[in-house]
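# Examining the three-dimensional arrangement
Here is what each chain is made of, one letter per residue.
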Amino acid sequence: MLETIKRWMGSAENKGELTLEELTREVRKNSIPRHVGFIMDGNGRWAKKRGLPRTAGHLAGMKRVREIIRSADEIGIEAITLYSFSTENWKRPKEEVEYLMKLPIEFLKSDLQELIDRNVRVQMLGAKEETPTSTYQALVEFEEKTKENTGLILNFAINYGSRDEILQAIREIIDEVQNGNIDKEQIDEQVVNQHLLTRGLPDPDLIIRTSGEMRISNFLLWQIAYSELWFTEALWPDFGKEAFYQAIYDFQNRSRRYGAV
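Residues numbered from 1 in each chain as written. Predicted model: local features only at pLDDT ≥ 70, side-chain atom pairs only at ≥ 80, totals over all residues. Heavy atoms only, no water.

It is worth spelling out the overall build of the chain at this point. Within the chain one finds 9 helices and 6 strands. In summary, the chain has a C-alpha radius of gyration of 19 Å against a globular reference of 18 Å for 261 residues, a match within 12%. Projected onto the principal axes, the alpha-carbon positions of the chain cover approximately 60 × 50 × 35 Å. Across the 261 residues of the chain, 48% fall into the buried class. Within the chain, counting contacts between residues at least 6 apart in sequence, those at least 24 apart form 79% of the total. For the chain, the computed accessible surface area is about 13,800 Å², with 49% contributed by carbon and sulfur atoms. With 36 positive and 42 negative side-chain charges, the chain shows a separation of 5 Å between the mean positions of the two kinds. (Helix = DSSP H or I, 4+ residues; strand = E, 2+ residues; numbered from the N terminus. Rg over C-alpha atoms; globule rule 2.2 N^0.38 Å. Buried < 20%, exposed > 50% of the residue type's maximum accessible area, 1.4 Å probe, protein only. Contact = heavy atoms within 4.5 Å. Areas by Shrake-Rupley, 256 points an atom, 1.4 Å probe, with all protein chains shown as cover. Lys, Arg positive; Asp, Glu negative; His and termini not counted. Charge placed at Lys NZ, Arg CZ, Asp CG, Glu CD.)

Quick look at the layout of surface pockets now. Size it by volume and the largest pocket reaches roughly 730 Å³. Forming the walls of the largest pocket are 33 residues, and the residues nearest its centre are Met 40, Asn 43, Tyr 83, Ser 84 and Phe 85. Among the secondary structure elements, those contributing two or more residues to the lining of the largest pocket are α3 (43-49), α4 (54-74), β2 (79-86), α5 (94-117), α6 (133-146) and β4 (153-160). Residues of the lining of the largest pocket, tallied by class, amount to 15 nonpolar, 10 polar and 8 charged. A volume near 340 Å³ is recorded for the second largest pocket. As for the second largest pocket, its lining consists of 18 residues, and the residues nearest its centre are Ala 127, Asp 164, Glu 165, Gln 168 and Leu 197. Among the residues forming the lining of the second largest pocket, the class breakdown is 4 nonpolar, 6 polar and 8 charged. (1 Å grid on protein atoms, 1.4 Å probe; cavity = no way out; pocket = protein on both sides within 12 Å on 5 of 7 lines; lining within 4 Å. Points joined across faces, edges and corners; volume = space filled by probe spheres on them. Nonpolar A, V, L, I, M, F, W, Y, C, P; charged D, E, K, R; others polar.)

Here the focus is the pairing of strand β5 (residues 206-209). Here β5 shows two buried faces, one formed by Leu 206 and Ile 208 and the other by Ile 207 and Arg 209. In terms of strand pairing, strand β1 (residues 35-39) meets β5 through 4 bridges, oriented parallel. Residue pairing across strands places Val 36 opposite Leu 206, the latter belonging to β5. Here 4 bridges tie β5 to strand β6 (residues 228-231), and the two strands are oriented parallel to one another. Opposite Ile 207, over in β6, you have Leu 229 as the bridge partner. (Pairing = 2+ DSSP bridges.)

Taken as a whole and assessed by the stated rule, the structure comprises 12 aromatic pairs. Taking the centre distance of 6.0 Å and the plane angle of 80° together, the rings of Tyr 83 and Tyr 160 count as edge-to-face. Placement of Tyr 83 in strand β2 and of Tyr 160 in strand β4 is noted, with a sequence separation of 77 residues between them. For Tyr 83, a relative accessible area of 8% gives the class buried. Looking at Tyr 160, the relative accessible area reads 1%, which means it is buried. (Phe/Tyr/Trp six-rings, centres within 6.5 Å; stacked < 30°, edge-to-face > 60°.)

Quick look at unusual backbone geometry now. The residue Ser 211 is not glycine, and still its phi comes out positive at about 80°. Residue classification places Ser 211 among the buried residues on the basis of a relative accessible area of 6%. The backbone phi angle of Asn 218 is positive, close to 65°, even though this residue is not glycine. Assignment of secondary structure puts Asn 218 in the loop between β5 and β6. On the basis of relative accessible area, Asn 218 is assigned to the buried category, the value being 15%.

With that settled, the discussion passes to helix α9 (residues 241-252). With 12 residues, α9 extends 16 Å from end C-alpha to end C-alpha; this agrees with the ideal 16 Å at 1.5 Å per step. Of all 12 residues in α9, 9 are buried; the element is thus mostly enclosed. Taken together, the buried positions of α9 are Phe 244, Tyr 245, Gln 246, Ala 247, Ile 248, Tyr 249, Asp 250, Phe 251 and Gln 252. Looking at the buried residues of α9, the elements they touch are α2 (20-29), β1, α4, β5 and β6. (Expected span 1.5 Å × (residues − 1).)

Turning our attention to a negative patch on the surface. On the surface, a cluster of negative charge is contributed by Glu 88, Glu 129, Glu 130 and Asp 164. Relative to the elements of secondary structure, Asp 164 occurs in helix α7 (residues 162-178). (Patch = residues over 30% accessible without salt bridge, like charges linked within 9 Å, V, L, I, M, F, W, Y side chains within 5 Å. Salt bridge = Lys/Arg side-chain N within 4 Å of Asp/Glu carboxyl O.)

Here we come to the packing of α2 against α9. At a closest axis distance of 9 Å, the pairing of α2 and α9 adopts a crossing angle of 40°. With respect to their mutual orientation, α2 and α9 come out oblique. For the pair α2 and α9, the sense of crossing is left-handed. Facing Leu 20, Leu 23, Thr 24, Glu 26 and Val 27 of α2, the residues of α9 in contact are Lys 241, Glu 242, Tyr 245, Gln 246, Ile 248, Tyr 249 and Gln 252. By residue class, the composition of the contact of α2 with α9 is 6 nonpolar, 3 polar and 3 charged. (Axes fitted to C-alpha atoms, helices over the stretch in contact; angles between N-to-C directions. Parallel < 35°, antiparallel > 145°, perpendicular 65-115°, else oblique. Left-handed = near helix turned anticlockwise from the far one by under 90°.)

With that out of the way, let us pick up the environment of Phe 239. By the secondary structure assignment, Phe 239 is in the loop between β6 and α9. When the C-alpha atoms of Phe 239 and Glu 67 are compared, they prove to be 9.4 Å apart, with 172 residues separating the residues in sequence.

Pasting the structure below:
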């Protein structure tokens, strides 16, 4: 069990052995994960350690998002999904929630042109109808202005909860059966996949969670059945390109057997 935990924690003993330049070279030699999911945790704690308001941590976290997008694009990852705001996050203080809902608007103003230039396509995963109008409009503009792009797919999971996603998929499949479009015997994994918010995307190869927490927190529960998990003590605003490539390097050195020997 101890060895398993150490492996999940990102092979900490290897850190520092390779420079960023060496890491970049190494990860390019091997199979790059097609889809990486990020549970971006620790913004509030990062700010508290510095005597700053929690909102300052979220602003620092948004800057880190920018670096991770560039880093993923540079090595040819097909898709990344950023767990930006969960359905449970509405329980946070009103001021913090309002600030978090404004971040996509600010990101649109500052980064849209770079994303277009990088050929990045933006998508939103989550309950759109329950998202504040201004936030929703910003995300729709992101999607509309990048819809023709054919490079990295950038998924913002906002107002997202995996159990809600699965329940909605079940309801849609029931409607399909009741309307005579499919027989219940035809329901298989492919049918379920077609009714999830991630339809058309490969399942995540790698899930990264920052801040030392070792749980999934209602994130892509169906899709991560065979994902590799990588946990780090680093708080999200401290998680940069080098740590990201270290996670990929560790992923590349694992054996993925999918239940086989």
